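# Examination of the molecular architecture
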Amino acid sequence: MKTIQNHLSIFKIAIAFMMLVFAVISCEKDDNFSDSVPDYTESIIQSFKVGTKYAEINHTIGTITMTLPSGTDLKNVPVEIRLPESATVTPASGTTIDFSNGPVTFEVVSTNGAHRTYTANIGAYGNPKMLSFSIGDKMGVIDEVNKTIKVEIGSQDGDLSNLAPTFEIAEGTTVDFASGVARNFTSAKVYTILSNNGYTAKQYTVTVTQIQAPRIDAFTINGVTGIIDNSSNSILVILPSGTNKSSLSPVITLPAEQTVTPSSGTTQNFLNGAVTFTVKNKENLTKAYSVTVETITPTKYAFLGLENDINSLIDDDAKAAATWMQATYGANFKYIKIADVSAQNIADVKVAMLYYLTPKENQGFSATATNVSTMLPVGLRAGGSQAQVLKSWAKAGGDMLIAGDPSPFIFSLGRVPANFGAARAPGNYVFSEFGCATETGCYDTGKPSDDIWGLGMRDTNNSGNRRTHAIFNGLTFEGGLGNEYLPLQNSANREVRLIWWQHFDGILNPSCCGSDAATKFEKTLTAVKFGTLRHIGDAFGYGAVEFKRTDLTNDASFDTQIPTDFKGHIFTISNTIVGYEWNSNGTTNDYQNNIKTFTKNIIDYLYSINND
């Protein structure tokens, strides 16, 4: 974004300099300078009148609006237009215009070359009608027949989730959301205009699209996906040892209507260091990426934490897990602060663990029934700097274990489609359970040791027998035939958050809770469901899931919203009532060794996968 802002600043400085030069030149007696810029005041509509009433003219966005008396025939409206002497307008002044089907465009042309268009819309008093609709200086296109409004805003014109449109409605009517009120336009929004008589109403569906800022979506060399770091405008591609870096042809994926220089497929020499690739969008804004090719074999195990180092971790569970991981993997372990995640420091990592559980410490994480992204630090939310780096890394073959509070990171990665601004629906797989979602979560004390939490392993709730998988090596199941579970927690004090998938009612069919539903889930998302909850009363849900690579063969029912270039595997333990808690808050968990063994098995399994 700095590059974009710098270009804008340079542009403004250049304009100011040019104006100064023109001023100086114009003062010289021997002035040979000829100003060929037309005077645009010669192409404005000075007034727009119907009968004795004048319309409101917004010259900034080029709109003309007015309300005529109730019952006016909008199919036959005679207009009178006043213009500068040098200008003409089409349709011409004195013409009878049909405004019944919505806005009409008037084109003004001056003999000096100036040109301007205005969008005029006229309503009748008490007849619900949207006369104009704009966001900033971007005017919406009103389709009166289909009752839709479409607005395209620039890449720098704000956040779709918080935009405040301005609009005009016919006099004698009211609207449910007033002009100037901010709304979330990540999905279509409806405006209902009601006549003052209380009987007549019209609804307009508003869709806002945003021009993509210049960016590279994917950068691949010899089938290897580069790790894109948009915060530093850099891309790192890790190729096998011995690769000839002097002659490589990157394949570059861009958003629609964007270009890149050098172009995709052009052979480049990366032997002497970074090569710059410059992207330009339809607004002519540019962004330059510095692309480096290195030969690194990812061998590290990493823990991603909120604080600067392990000793500084505030969350006791994250600290316990990170300390164990460091002791277990020794020289191959590295700790990375989440805010410091970059293409460079994640490049040598094969498996990363992201985990914290903070009800007791109350570090400010919370969720609502419409937004679980706030369980994550800003950088890990969808579109965040660190989220984008880890997304590129996972697509390139990086594997992750995500557990506890940051479970919603599966959405940030784009590995599971979700839109927190819309209701759950096919293709929108937001979590369905939000218990203990406040900052303080739930903290249970004095629980009896025979109240055992664990991962339910019943075949009837999975698509098959999962108990023989490598992640369960060295672990013993309890509960008896048909009610097997992996015990994980029986301490007296337990921290809890219930933010997870119970089932997929209205999204998948079947949605809950047997083997057929698990199979449908697995085929739709290219995943493996490993377990639910221990207790029979909770015999549904998705307590442990492996999301597999998507760049190979997916089932026919695979959700096509999911990118098919993920080489990495993501294992999630998304519900803490299975007992996945690393520190027992001063009490004893008889199954703590199961948590350690289970975690090591998952990490080792991910490490063993060849993602080439």
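Residues numbered from 1 in each chain as written. Predicted model: local features only at pLDDT ≥ 70, side-chain atom pairs only at ≥ 80, totals over all residues. Heavy atoms only, no water.

Across its full length, the protein chain holds seven helices and 39 strands. In the protein chain, which comprises 612 residues, the share counted as buried stands at 50%. Restricting to contacts in the protein chain with at least 6 residues of sequence separation, those with at least 24 account for 65%. Element-wise, carbon and sulfur atoms account for 51% of the exposed surface of the protein chain, whose accessible area totals about 26,400 Å². Within the protein chain, the 58 negative side-chain charges are centred at a point lying 3 Å from the centre of the 46 positive side-chain charges. (Helix = DSSP H or I, 4+ residues; strand = E, 2+ residues; numbered from the N terminus. Buried < 20%, exposed > 50% of the residue type's maximum accessible area, 1.4 Å probe, protein only. Contact = heavy atoms within 4.5 Å. Areas by Shrake-Rupley, 256 points an atom, 1.4 Å probe, with all protein chains shown as cover. Lys, Arg positive; Asp, Glu negative; His and termini not counted. Charge placed at Lys NZ, Arg CZ, Asp CG, Glu CD.)

Pairing in this open sheet of nine strands is mixed, and the strands run E28-E27-E29-E30-E39-E38-E37-E33-E34 from one edge to the other. The open sheet has two edge strands, strand E28 (333-337) and strand E34 (485-489), and neither has a second partner. For this sheet the average axis-to-axis angle between neighbouring strands, irrespective of direction, equals 20 degrees. Bridge count between strand E29 (residues 349-356) and strand E30 (residues 399-404): six bridges; the pairing is parallel. Residue pairing for E30: Leu-354 is matched across the bridge by Ile-402. Contacts from helix H2 (residues 316-329) reach strand E27 (300-305), E28 and E29 within the one sheet, and its direction differs from that of E27 by about 165 degrees. With respect to the sheet, helix H6 (residues 515-525) is in contact with strand E37 (527-533) and strand E38 (544-547), its orientation differing from that of E37 by roughly 140 degrees. (Pairing = 2+ DSSP bridges. Axes fitted to C-alpha atoms, helices over the stretch in contact; angles between N-to-C directions.)

This part takes up the environment of Leu-354. Tracing the backbone shows Leu-354 in strand E29. Residue Leu-354 is classed as buried on the basis of its relative accessible area, which comes to 0%. With 50 residues separating them along the chain, Leu-354 and Leu-304 place their C-alpha atoms 5.2 Å apart. Those residues in contact with Leu-354, other than ones at most four positions away along the chain, are Leu-304, Ile-338, Leu-380, Met-400, Leu-401, Ile-402, Ala-403, Pro-406 and Phe-409.

Moving on, we come to unusual backbone geometry. Across the chain, the bulk of peptide bonds are trans and the bulk of non-glycine residues have phi less than zero. The omega torsion across Thr-90 and Pro-91 is -5 degrees, close enough to zero to call that bond cis. Locating Pro-91 in the fold gives a position in the loop between strand E7 (87-90) and strand E8 (96-97). Cys-513 follows Cys-512 through a cis peptide bond whose omega is 0 degrees. Relative to the assigned elements, Cys-513 resides in the loop between strand E36 (498-500) and H6. With a phi angle near 55 degrees, Asn-222 is a residue other than glycine that sits in the positive phi range. Inspection of the secondary structure puts Asn-222 in the loop between strand E19 (218-221) and strand E20 (224-225). With a phi close to 55 degrees, Asn-233 is a non-glycine residue in the positive phi region.

Following both chains from N to C, one finds H2 and helix H7 (residues 592-608) inclined at 60 degrees, their axes separated by 12 Å at the closest point. In terms of orientation, H2 lies oblique with respect to H7. Helix-helix and strand crossings are classified by hand; for H2 and H7 the assignment is right-handed. For the pair H2 and H7, the contacting residues are Trp-324, Met-325, Thr-328 and Tyr-329 in the first and Lys-596, Thr-599, Lys-600, Ile-603 and Asp-604 in the second. In terms of residue class, the contact of H2 with H7 is built from four nonpolar, two polar and three charged. (Parallel < 35°, antiparallel > 145°, perpendicular 65-115°, else oblique. Left-handed = near helix turned anticlockwise from the far one by under 90°. Nonpolar A, V, L, I, M, F, W, Y, C, P; charged D, E, K, R; others polar.)

Pairing between side chains becomes possible if they bear opposite charge and their charged atoms approach one another. What the rule picks out here adds up to 19 salt bridges. Here Asp-459 makes a salt bridge to Arg-467, at a shortest N to O gap of 2.7 Å. Among the residues examined, Arg-467 registers a relative accessible area of 18% and is labelled buried. Beyond isolated ion pairs, a larger network of salt bridges with shared partners links Asp-137, Lys-138 and Asp-157. (Salt bridge = Lys/Arg side-chain N within 4 Å of Asp/Glu carboxyl O.)

Turning our eyes to something else, we now look at the confidence of the model for the protein chain. For the protein chain, the average pLDDT comes to 91, and 93% of its residues sit at 70 or higher. Considering only residues more than four positions removed or in separate chains, one finds that residues 1-35, a stretch of pLDDT under 50, has 17 contacts. (pLDDT = per-residue confidence, 0-100.)

Successive side chains on a regular strand alternate, one facing one side of the sheet and the next facing the other. Strand E22 (residues 234-238) sits mainly inside the fold: five of its five residues count as buried. On E22, burial covers both faces: Ser-234, Leu-236 and Ile-238 on one face and Ile-235 and Val-237 on the other are all buried. As paired elements, strand E21 (residues 227-229) and E22 share three bridges and run antiparallel to each other. Of the residues in E22, the one forming a bridge with Asp-229 is Ser-234. Between E21 and E22, which pair antiparallel in sequence order, lie four residues; one of them, Asn-233, sits at a positive phi of approximately 55 degrees. Bridge count between E22 and strand E26 (residues 286-294): five bridges; the pairing is parallel. Each bridged residue has a counterpart across the sheet, and for Val-237 the counterpart in E26 is Val-293.

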